[in-house]
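A structural walkthrough
Single-letter residue listing:
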Amino acid sequence: DQQVKQNSPSLSVQEGRISILNCDYTNSMFDYFLWYKKYPAEGPTFLISISSIKDKNEDGRFTVFLNKSAKHLSLHIVPSQPGDSAVYFCAARGAQKLVFGQGTRLTINP
Amino acid sequence: DTAVSQTPKYLVTQMGNDKSIKCEQNLGHDTMYWYKQDSKKFLKIMFSYNNKELIINETVPNRFSPKSPDKAHLNLHINSLELGDSAVYFCASSPTSTSTDTQYFGPGTRLTVL
């Protein structure tokens, strides 16, 4: 039973355009959400997070939006750059642990 | 300077063997984790240790035994390896066991059981 899902395994975006990565969750008890970025042969690295009491958090080119009623969060990257090509994992906190989705591979095309 | 390191990076072994994966962090963190990335690419927590004490133990076969000799090290020993154990195993650490703390991941160990 996967409580956090990223239904798009891959996404291809033109350089300079907006990238939107989506994540859905089922557990309404999750109170904190994170995005991690992963390059090949490396471990995931923390990117941005949001508390469930907020609906938006922004950090430079990265913005995370949370829609609690829909149990949906999204990561917006604008403008997208070639170095953003990576796998992006969303994660949710519940019961003292993080639950991860399966990742979305983002490719930024020049 | 590697913050969280794992050895080996790749491990190929036969069914039934026993193997260990080592993890070390030089960040001075109190909490360390083992995750398994399965064939469907989900990252799932297996164990968490805080100051050498086990705090999270997910539903993992008891063939998997973590050992934390000190708070900078968390090793994973696997007995009687099975085909289904093939996966990428990630070690991670965080300053405390508070799950809002950022977790720092190692590069992963790809285990292949033949």
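These lines cover the structure that appears in this document, whether it is placed above or below.

Rules behind the numbers
- Residues numbered from 1 in each chain as written.
- Chains lettered and ligands numbered in written order.
- Predicted model: local features only at pLDDT ≥ 70, side-chain atom pairs only at ≥ 80, totals over all residues.
- Heavy atoms only, no water.
- Pairing = 2+ DSSP bridges.
- Helix = DSSP H or I, 4+ residues; strand = E, 2+ residues; numbered from the N terminus.
- Contact = heavy atoms within 4.5 Å.
- Buried area = accessible area lost by both parts, 1.4 Å probe.
- Salt bridge = Lys/Arg side-chain N within 4 Å of Asp/Glu carboxyl O.
- Polar contact = N/O pair within 3.5 Å; in protein donor to acceptor, adjacent residues only side chain to side chain.
- Nonpolar A, V, L, I, M, F, W, Y, C, P; charged D, E, K, R; others polar.
- Axes fitted to C-alpha atoms, helices over the stretch in contact; angles between N-to-C directions.
- Buried < 20%, exposed > 50% of the residue type's maximum accessible area, 1.4 Å probe, protein only.
- Disulfide = S-S within 2.5 Å.

With that settled, consider the sheet that holds strand β6 (residues 56-59) of chain A. Residues and elements named next belong to chain A. Pairing is antiparallel across the open sheet formed by 5 strands, whose spatial order is β1-β3-β8-β7-β6. The strands lining the two open edges of the sheet, one partner per strand, are β1 (4-5) and β6. Note that strand β7 (residues 62-67) and strand β8 (residues 72-77) share 6 bridges and pair antiparallel. Directly across from phenylalanine 62, in β8, lies its bridge partner isoleucine 77.

Taken together, the 18 residues of chain A in the interface contact 20 residues of chain B. Roughly 1700 Å² of surface becomes buried between chain A and chain B when both sides are summed, with 59% attributable to carbon and sulfur atoms. It is Lys97, Phe100 and Gln102 of chain A in chain A that bury the most area against chain B; as a group they hold 26% of the surface buried on that side. Counting across the interface, chain A meets chain B through 1 salt bridge. Lysine 97 of chain A is paired through a salt bridge with glutamate 58 of chain B; the nearest N and O atoms lie 2.7 Å apart. The tally of links between chain A and chain B comes to 4 residue pairs in polar contact (both at pLDDT 80 or more). Where the side of chain A that touches chain B is concerned, the elements lending two or more residues are β4 (32-38), β9 (86-94) and β10 (97-100) of chain A. Taken together, the residues of the side of chain A that touches chain B break down into 9 nonpolar, 5 polar and 4 charged.

For the rest of this paragraph, the subject is the sheet that holds strand β7 (residues 64-70) of chain B. Residues and elements named next belong to chain B. One open sheet accounts for 4 strands, arranged β1-β3-β8-β7; its pairing is antiparallel. The open sheet is flanked by β1 (4-7) and β7, the only strands paired with a single partner. Strand-to-strand, the axes of this sheet are offset by a mean angle of 20°, without reference to chain direction. Inspection of the sheet shows β1 paired to strand β3 (residues 19-25) by 4 bridges, in the antiparallel sense. Within the sheet, the bridge partner assigned to valine 4 lies in β3 and is glutamine 25.

Moving on, we come to the pattern of salt bridges. Residue and element names in this part refer to chain B. On inspection of all chains with the given rule, the structure shows 8 salt bridges over all chains. The salt bridge partner of lysine 71 is aspartate 30, with a shortest N-O separation of 2.7 Å. Taken together, the residues lysine 71 in the loop between β7 and β8 (73-78) and aspartate 30 in the loop between β3 and β4 (31-37) connect sequence positions 41 residues apart. For aspartate 30, a relative accessible area of 22% puts it in the partly exposed group. We note a salt bridge from aspartate 38 to lysine 44, for which the minimum N-O separation is 3.6 Å.

Residue and element names in this part refer to chain A. If you walk through the whole model with that rule in mind, you get 2 disulfides over all chains. A sulfur-sulfur distance of 1.8 Å marks the disulfide that ties cysteine 23 to cysteine 90. With the S-S bond torsion at 55°, the cross-link from cysteine 23 to cysteine 90 turns out right-handed. Highlighted residues: cysteine 23 in strand β3 (residues 19-25) and cysteine 90 in strand β9, separated in sequence by 67 residues. Cysteine 90 shares its class with cysteine 23; the two are buried.

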